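Tertiary structure, described
So you can see what is in the structure, the chains are spelled out below.
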Amino acid sequence: MRNNRSVSTSRAWSVAGLVAGFAGLAVSYGLAMVMTIRDSPLVAVAELVVRLTPGPVVEFVIKFFGSGDKAFLLVVLVVLSAAIFAWTGRLARRTRWAPVIVYGLLAVLGGVAVWVQRSATALDALPVAAGLATWLVCLSLLTEPLRRHERATTTEPGDVSGPARTGHTRRTFLVRAGGMTAAAAVLGVVGRAVGSGRRHVEETRRLLRLPGVTRPVPPKDSRVDVPEMTPWMTPTDDFYRIDTAFVVPAIEPDDWLLRIHGMVDREIVVTYQDLVDGATTEAWVTLNCVSNEVGGDLIGNAWWSGVRIAGLLRAAGVHTGADAVLQTSEDGWTCGTPLSVLTDDRDAMLAVAMNGEPLPIEHGFPVRTVVPGLYGYVSACKWVVDMKVTRFADIEAYWTEKGWSELGPVKISSRIDVPRGGGEVAAGGAQVAGVAWAQHTGIDAVEISVDGDAWTPARLAGVPSTDTWVQWVAAVDLAPGDHTLSVRARDADGLVQTGEVQDVLPDGATGWHTIDLTAVEPGQTQEEDG
Ligand SMILES: Nc1nc2c(c(=O)[nH]1)N[C@H]1C(S)=C(S)[C@@H](COP(=O)(O)O)O[C@H]1N2
Ligand SMILES: [Mo]
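What counts, and at which threshold
- Residues numbered from 1 in each chain as written.
- Chains lettered and ligands numbered in written order.
- Predicted model: local features only at pLDDT ≥ 70, side-chain atom pairs only at ≥ 80, totals over all residues.
- Heavy atoms only, no water.
- Helix = DSSP H or I, 4+ residues; strand = E, 2+ residues; numbered from the N terminus.
- Buried < 20%, exposed > 50% of the residue type's maximum accessible area, 1.4 Å probe, protein only.
- Contact = heavy atoms within 4.5 Å.
- Areas by Shrake-Rupley, 256 points an atom, 1.4 Å probe, with all protein chains shown as cover.
- Lys, Arg positive; Asp, Glu negative; His and termini not counted.
- Charge placed at Lys NZ, Arg CZ, Asp CG, Glu CD.
- Salt bridge = Lys/Arg side-chain N within 4 Å of Asp/Glu carboxyl O.
- Near = heavy atom within 4 Å.
- Polar contact = N/O pair within 3.5 Å; in protein donor to acceptor, adjacent residues only side chain to side chain.
- Pairing = 2+ DSSP bridges.
- Axes fitted to C-alpha atoms, helices over the stretch in contact; angles between N-to-C directions.
- 1 Å grid on protein atoms, 1.4 Å probe; cavity = no way out; pocket = protein on both sides within 12 Å on 5 of 7 lines; lining within 4 Å.
- Points joined across faces, edges and corners; volume = space filled by probe spheres on them.
- Nonpolar A, V, L, I, M, F, W, Y, C, P; charged D, E, K, R; others polar.
- Domains from an automatic or database assignment.
- Buried area = accessible area lost by both parts, 1.4 Å probe.

Some details on the overall build of the protein chain
What the protein chain contains, in helices and strands, is twelve helices and 19 strands. Going through the 530 residues of the protein chain one by one, you find that 51% of them count as buried. Across the protein chain, contacts joining residues at least 24 apart in sequence account for 76% of those joining residues at least 6 apart. Working note: accessible area of the protein chain is about 24,400 Å², and carbon and sulfur atoms make up 58% of it. Taking the 45 positively charged and 59 negatively charged side chains of the protein chain as two groups, their mean positions are separated by 16 Å.

Some points on the pattern of salt bridges
Evaluation of the coordinates by the stated rule reveals 17 salt bridges. The salt bridge involving Asp-243 is made with Lys-382; its shortest N-O contact spans 2.9 Å. Within this pair, whereas Asp-243 is found in the loop between helix H8 (197-207) and strand E1 (257-262), its partner Lys-382 is found in the loop between strand E9 (368-370) and strand E10 (384-390), the two being separated by 139 residues in sequence. Classification of Asp-243 as buried rests on a relative accessible area of 14%. In this structure, Asp-394 engages Arg-391 in a salt bridge whose closest nitrogen and oxygen atoms are separated by 3.3 Å. Overall, Asp-394 belongs to the exposed group, its relative accessible area being 51%. Judged by relative accessible area, which is 37%, Arg-391 ranks as partly exposed. Taken together, the shared-partner salt bridges connect Glu-144, Arg-148 and Arg-176 into one network.

Here's the deal with the site of ligand 1
Among the 18 residues in the neighbourhood of ligand 1, the closest are listed as Tyr-240, Asp-243, His-363, Arg-368 and Lys-382. Contacts to ligand 1 include Asp-331, whose side-chain N or O atom sits 3.3 Å from a nitrogen atom. At a separation of 2.5 Å, an oxygen atom of ligand 1 approaches a polar side-chain atom of Lys-382. Alone, ligand 1 offers 530 Å² of accessible surface; in the complex the protein occludes 99% of this.

As for the environment of Gly-212
By the element assignment, Gly-212 lies in the loop between H8 and E1. Overall, Gly-212 belongs to the partly exposed group, its relative accessible area being 32%. In this structure the C-alpha to C-alpha distance between Gly-212 and Ser-305, which are 93 residues apart in sequence, comes to 8.1 Å.

Some remarks on the sheet that holds E10
Ordered by their spatial adjacency, five strands build an open sheet running E2-E1-E10-E5-E6, and the pairing between neighbours is mixed. Each having just a single partner strand, strand E2 (268-271) and strand E6 (334-338) make up the two edges of the open sheet. For this sheet, the mean inter-axis angle between neighbouring strands, taken without regard to orientation, is 20°. Here four bridges tie E1 to E10, and the two strands are oriented parallel to one another. Within E10, the position partnered with Gly-262 by the bridge is Val-389. Helix-sheet contacts for helix H10 (residues 309-316) involve E1, E2 and E10, and the interaxial angle to E2 is about 145°.

Examining the sheet that holds strand E11 (residues 413-418)
Remark on secondary structure: sheet strands pair via backbone hydrogen bonds, oriented parallel or antiparallel. The four strands are arranged E11-E13-E17-E16 in an open sheet whose pairing can be described as antiparallel. The sheet is open, and its two edges are formed by E11 and strand E16 (459-460), each paired on a single side. Of the pairings in the sheet, the one linking E11 to strand E13 (residues 428-437) comprises five bridges and is antiparallel in character. Bridged to Ser-413 within E13 is Trp-437.

A look at empty space enclosed by the protein
Summed over all chains, the structure comprises three cavities of 30 Å³ or more. Here the largest cavity is characterised by a volume of approximately 100 Å³. Lining of the largest cavity is provided by Asn-288, Cys-289, Asn-292, Glu-293, Val-294, Gly-295, Tyr-375, Lys-411, Ser-413, Ser-414, Trp-437 and Ala-509. A class-by-class count of the residues in the lining of the largest cavity yields five nonpolar, five polar and two charged. The residues that make up the lining of the largest cavity include at least three from each of domain 2 (224-402) and domain 3 (413-529).

What about the domain arrangement of the protein chain?
Split into domains, the protein chain comes out as domain 1 (2-204), domain 2 (224-402) and domain 3 (413-529). Just the C-alpha atoms count here: the centres of domain 2 and domain 3 sit 30 Å apart. Each partner contributes residues to the interface: domain 2 has 32 residues there, and domain 3 has 30 residues. Counting the surface lost from both domain 2 and domain 3, the interface buries some 2,400 Å², and carbon and sulfur atoms represent 60% of this. Our count for the contact surface shared by domain 2 and domain 3 stands at zero salt bridges. Linking domain 2 with domain 3 are nine residue pairs in polar contact (both at pLDDT 80 or more), by the criterion used here. For the side of domain 2 that touches domain 3, the secondary-structure elements that each account for two or more residues are strand E3 (281-288) and strand E4 (299-308). Ranked by the residues each element gives to the side of domain 2 that touches domain 3, the list is headed by E3, at five residues. Among the residues making up the side of domain 2 that touches domain 3, the classes are represented as 15 nonpolar, eleven polar and six charged.

This is how it looks when you write it as structure tokens:
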């Protein structure tokens, strides 16, 4: 009997800790939403964890859980928080001050995480402070009836008031815990609804008209006519997405400013209207990620519209001796881009549109950088708000801190898209098709090899410039049985894609994309089925 009661009471203390903890989190989240602060404390902590995680571990996690899928880390943090909250509840049973210290430490962690974000101001600490206050008040409101209950159940035998009093304290506890849980849930939901920062930006974006931006019209000869072949222009919805933001920045175009400073004669501040009014540059550019493995799909080709960065840098007057531009995004991500690629004749631009529409929020709305010929991690800054002309010797950027290479020129590569690897094809003549890329150098030839035999040339489709991928197609003859197909490309400088296998770290994967397939006699698959 006594045992039972103490178990259930210890559970009640855990519940007190849990309810108080989540009420605190809900208040900080709701307030962050209402104040349209992108980083609620939990999100800020998640981003801080990723920032402090070594490169190879991040790479492994991306590989294991899929890029872009960050929900996993948030779930881990919520579960971890729940465990800590419950534990503080049980701590409160023994000492009143221990949970205060634990909560204080957690609040400091949340505060620091919010603080390290570039755009954080003193106001951004308010949600954390309010969360902490809520936490402490809720915990004391919940533990107070529990303390009374414990005193009541340990009174001397014969004290008749005991049972009545414990019934009363239990009710008080349940009513308070239930009320707090409901209030926390309502707060979270209301905060999300009221703090519609993102929805408002979504609406602004929908109504934007960009006069200089034209519709994408892929060159007629850019596609090989093969069923199931990847489109040459990647539809915006299918375009790969990579970033470190757990909640993407929602920036009103009217609030957006880009500061160009550092080793320049005069600092420049660019507004969104400046870009809309400026001379529009439009180009097809294939963007790819350094983390794209051989045969991978972290690559896409789009029609970008924007303003050339070279002109802006010229207006700022770059000092001799500078060799890099440190770009910073609204969410505090950074990359170091060679000054040379931003000032030469390529279409390095501040893009405002993708495939003829204002940039999607996930792809950097309202403004991002696009630089042909470089991996995204050293050039394609989304939500860009700051460009500092500087020297590579003086800077570190988000991914170089984690062990990725300082320079990230795209490596020549090629991929087989049709047929898909691992499947069956009809024996006899077959069409093999795919893409190859060496942005800003250009692809001169693509060759394929069946079962390691001689390399035979594929036919190349057309391209508007050297800055996009090129589609290729080849006819092969496959005898019944298992086969492997490999592809390699040669660039306009005569460089042949190496077969030497290298991992994506530190500067991009190498090796030939190779697929396995089985050629079957016509009718054979049906026989197997029957
Ligand atoms: N602000 C910000 N910009 C960023 C990143 C990021 O994490 N944050 N990731 C970069 C990387 S690694 C790549 S490959 C490209 C991907 O751009 P996309 O998501 O539009 O395809 O964005 C780059 N720009
Ligand atoms: Mo990337």
